[in-house]
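Descriptive structure summary
The lines below spell out each chain.
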2 protein chains.
Amino acid sequence: MKTPSSYFLSDHTIPLNDYFVFGLSIDCVVFGYHEGEIKVLLVQRDVEPFNGHWALIGDLVEPDKNLEEAANNVLENLTGLKNIYMKQFFTFGSVDRHPLGRVVTVAYFSLVNSMNYQPIASSWAKSAEWININNLPELAFDHYTILCKGIETLKNEVRHKPTGFELLPKKFTLLELQLLYEALLGYKFDKSNFRKKIQEMNILRPLNEFKLNVSHRPAKLFEFDEKRYRTLEKEGFSFEL
Amino acid sequence: MKTPSSYFLSDHTIPLNDYFVFGLSIDCVVFGYHEGEIKVLLVQRDVEPFNGHWALIGDLVEPDKNLEEAANNVLENLTGLKNIYMKQFFTFGSVDRHPLGRVVTVAYFSLVNSMNYQPIASSWAKSAEWININNLPELAFDHYTILCKGIETLKNEVRHKPTGFELLPKKFTLLELQLLYEALLGYKFDKSNFRKKIQEMNILRPLNEFKLNVSHRPAKLFEFDEKRYRTLEKEGFSFEL
DNA sequence: ATTATTAGTGTTTCATATGCAATATAAGAT
DNA sequence: ATCTTATATTGCATATGAAACACTAATAAT
């Protein structure tokens, strides 16, 4: 039993293991981008409660696992993907958020740039699917609230930080980048102005590679130069789109 | 006992109340602003562990309390202040962050505009003091990490949202506002341009009141017009300084 | 060769931001 | 009365950035 006992953090006199005890879980909002649409990875539950409902991927945290480890495991178990961009964005702990007891959940969002893999259905999920965020089904627990907050956080973050690149493959064209941002922010950019602006930031590394097998002038490929960004950031530069 | 039992969230087969059990606490980074300096409210612990160390204010969450309630209580118990701006910013849950067991803490920051009250020393704290964030003592637990993240979050937030007003009294002068933002962001503004810019945003309500008993022209007082801000925000306006 | 198509580059206009200077104003202090 | 101090407003020259739009480039298909 790893629970702290006889634990007097403040002026409470009740031992923690009899009373101050919570379940802790991780829920992940996994975003993907494909053909101009922002999608989220949902699973259909195959167990009670909320059997049959769609839900975010998530799991209980084991007492000897850090939160980030637990979050990475959640993602890896379902998708097989490692080293994915993840970010904690909020903790949901309403007393009644879980029908079976007090379970507090720490929510992460992650951005994956390749949707070319088979989400692994687990023993508690019928299926896993990428679903457009503008066409969501009814969700289990308070997952709709969590998802909305995740979308809000993402939209907010991509405006001020170069997070959006995580949704693209490592090598991308400027037009792909523009279309991504148009999908994220919900409005159009002028092509030449967008290109000028993003290139003048000096955070993209132009490659000597081009899109192949297209029936028009091939587009140049770029990479996001994270090191460069970190340096510029320290010098006071701030990303804005 | 409110702990969920025989609780099969995923494919785990271990009952939650024997194993998946955590302590949950709230920690509050309370910011104040006084004479050009950003300060934070710290207490000196009078109990083990970390007896004598300075720490953030915080407490265990009771199983029937929502997180926001618990956070409000933490603040109210120490300062007597109610209806204070509070915002959850991160949850810290490293396995070894607490020497007595696994305790996950949800961190909030709050902004208080009046430091003219006596922080109430509790049974577990020797004293409570406002301390300049550039002159911090050694802190208990991982509170230094929490505090740093709180400062970072605050500095990030005040640039894009009119949160800073919460640190000023309800009625303030434009110069006070400017000095606050200079302290928060770490650089100077041109006076006339700052005033022009902030007034053109239309989120300040000018009052017919003035600073009294000053040996120079008295400054006009303003209020932050939150309703107006909310409307403008819906119309697409976004605060930037 | 011609065409369709998308990549990619200038260029012009207009609005706004910024830095700096100048001036008028209102109070207490001398 | 005059000085000092800090508020408050205006003006302007310049730098920066946004918006619109026209143009050239390179490839595959015909």
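Rules and cut-offs
- Residues numbered from 1 in each chain as written.
- Chains lettered and ligands numbered in written order.
- Predicted model: local features only at pLDDT ≥ 70, side-chain atom pairs only at ≥ 80, totals over all residues.
- Heavy atoms only, no water.
- Core = buried A, V, L, I, M, F, W, Y, C linked by side-chain atoms within 4.5 Å.
- Buried < 20%, exposed > 50% of the residue type's maximum accessible area, 1.4 Å probe, protein only.
- Contact = heavy atoms within 4.5 Å.
- Helix = DSSP H or I, 4+ residues; strand = E, 2+ residues; numbered from the N terminus.
- Pairing = 2+ DSSP bridges.
- Domains from an automatic or database assignment.
- Buried area = accessible area lost by both parts, 1.4 Å probe.
- Salt bridge = Lys/Arg side-chain N within 4 Å of Asp/Glu carboxyl O.
- Polar contact = N/O pair within 3.5 Å; in protein donor to acceptor, adjacent residues only side chain to side chain.
- Nonpolar A, V, L, I, M, F, W, Y, C, P; charged D, E, K, R; others polar.
- Near = heavy atom within 4 Å.
- Disulfide = S-S within 2.5 Å.
- Axes fitted to C-alpha atoms, helices over the stretch in contact; angles between N-to-C directions.
- Parallel < 35°, antiparallel > 145°, perpendicular 65-115°, else oblique.
- Left-handed = near helix turned anticlockwise from the far one by under 90°.

Membership of the largest hydrophobic core comes to 49 residues, with the highest contact counts inside it found for A:Ile26 and B:Ile26. Non-local contacts of A:Ile26, meaning those with residues more than four positions away in its chain, are made with A:Ile57, A:Gly58, A:Asp59, A:Val61, A:Leu67, A:Ala70, A:Ala71, A:Val74, A:Thr105, A:Val106 and A:Tyr108.

Turning our eyes to something else, we now look at the pairing of strand S2 (residues 37–45) of chain B. Residue and element names in this part refer to chain B. Among the nine residues of S2, eight are classified as buried, and the element is accordingly described as predominantly covered. The antiparallel pairing of strand S1 (residues 23–34) with S2 creates a hairpin that spans two residues between the two strands, and Glu-35 there sits at a positive phi of about 50°. Bridge count for S2 against strand S3 (residues 54–55) is two bridges, and the pairing is antiparallel. What sits directly across from Val-43, in S3, is Ala-55.

With that settled, consider the domain arrangement of chain A. Residues and elements named next belong to chain A. Its domain assignment divides chain A into domain 1 (24–160) and domain 2 (168–234). Centre-to-centre separation of domain 1 and domain 2, based on C-alpha positions: 28 Å. Across the domain 1/domain 2 interface, buried area totals approximately 770 Å², and carbon plus sulfur atoms make up 68% of it. Its largest share of buried area at the contact with domain 2, domain 1 owes to Tyr-33, Asn-113 and Val-158, together 58% of the area lost on that side. Across the contact surface, domain 1 and domain 2 share zero salt bridges. If you look at where domain 1 meets domain 2, you find one residue pair in polar contact (both at pLDDT 80 or more). A per-element tally of the side of domain 1 that touches domain 2 places helix H2 (residues 143–160) first, with four residues. Taken together, the residues of the side of domain 1 that touches domain 2 sort by class into four nonpolar, two polar and two charged.

Let us look at the protein's contact with DNA strand D. A:Asn193, B:Leu175, B:Arg195, B:His216 and B:Lys220 are the nearest of the 20 residues found near DNA strand D. The sugar-phosphate backbone supplies 62% of the atoms of DNA strand D found within 4 Å of the protein. In this structure, a base nitrogen belonging to DNA strand D sits 3.0 Å away from a side-chain N or O atom of A:Ser192. In the model, a base oxygen of DNA strand D is placed 3.4 Å from a nitrogen or oxygen of the A:His216 main chain.

So, on to the protein's contact with DNA strand C. Taken together, the neighbourhood of DNA strand C is formed by 20 residues, with A:Leu175, A:Ser192, A:Lys220, B:Asn193 and B:Arg217 sitting nearest. Within 4 Å of the protein, the contacting atoms of DNA strand C are 54% sugar and phosphate, with bases supplying the remainder. Separating a base oxygen of DNA strand C from a side-chain N or O atom of A:Ser192 is a distance of 2.4 Å. Between a phosphate oxygen of DNA strand C and a main-chain N or O atom of A:Lys220, the distance comes to 2.4 Å. With four residues, the single largest contributor to the surface near DNA strand C is helix H4 (residues 191–200) of chain A. Its residues assigned to classes, the surface near DNA strand C shows five nonpolar, seven polar and eight charged.

Moving on to the environment of B:Asp142. Residue and element names in this part refer to chain B. Along the chain, Asp-142 turns up in the loop between strand S7 (125–132) and helix H2 (143–160). Residues Asp-142 and Glu-48, spaced 94 residues apart in sequence, show a C-alpha to C-alpha distance of 15 Å. Filtering out sequence-adjacent residues up to four positions away, Asp-142 remains in contact with Phe-92 and Arg-97. Only 2.8 Å separates the side chain of Asp-142 from the side chain of Arg-97, close enough to count as a polar contact.

Time to look at the pattern of salt bridges. Residue and element names in this part refer to chain A. The tally for this structure, following the rule as stated, stands at 22 salt bridges over all chains. Note that Glu-176 is salt-bridged to Lys-211, the shortest N-O span being 2.8 Å. Here Glu-176 is found in helix H3 (residues 174–185), whereas its partner Lys-211 is found in the loop between strand S8 (204–210) and strand S9 (220–224), with 35 residues between them in sequence. Each of Asp-27, Arg-97 and Asp-142 takes part in one network of salt bridges that share partners.

On to the state of the cysteines, then. As used in these notes, a disulfide is a covalent bond between sulfur atoms, one from each of two cysteines. Residue and element names in this part refer to chain B. Enumeration over the complete set of coordinates arrives at zero disulfides over all chains. This cysteine, Cys-28, is not joined by any disulfide, and Cys-148 carries the nearest cysteine sulfur, 17 Å off. With relative accessibility at 0%, the residue Cys-28 sits in the buried group.

Residues and elements named next belong to chain A. One way to put it is that H2 packs onto H3 with a least axis distance of 10 Å and a crossing angle of 135°. Of the possible angle classes, the one that applies to H2 and H3 is oblique. When you trace H2 past H3, the crossing you get is left-handed. Between H2 and H3, the contacting residues are Leu-154, Lys-155, Val-158 and Arg-159 on the first element and Tyr-181, Leu-184 and Leu-185 on the second. Here the residues of the contact of H2 with H3 are counted per class, giving five nonpolar, no polar and two charged.

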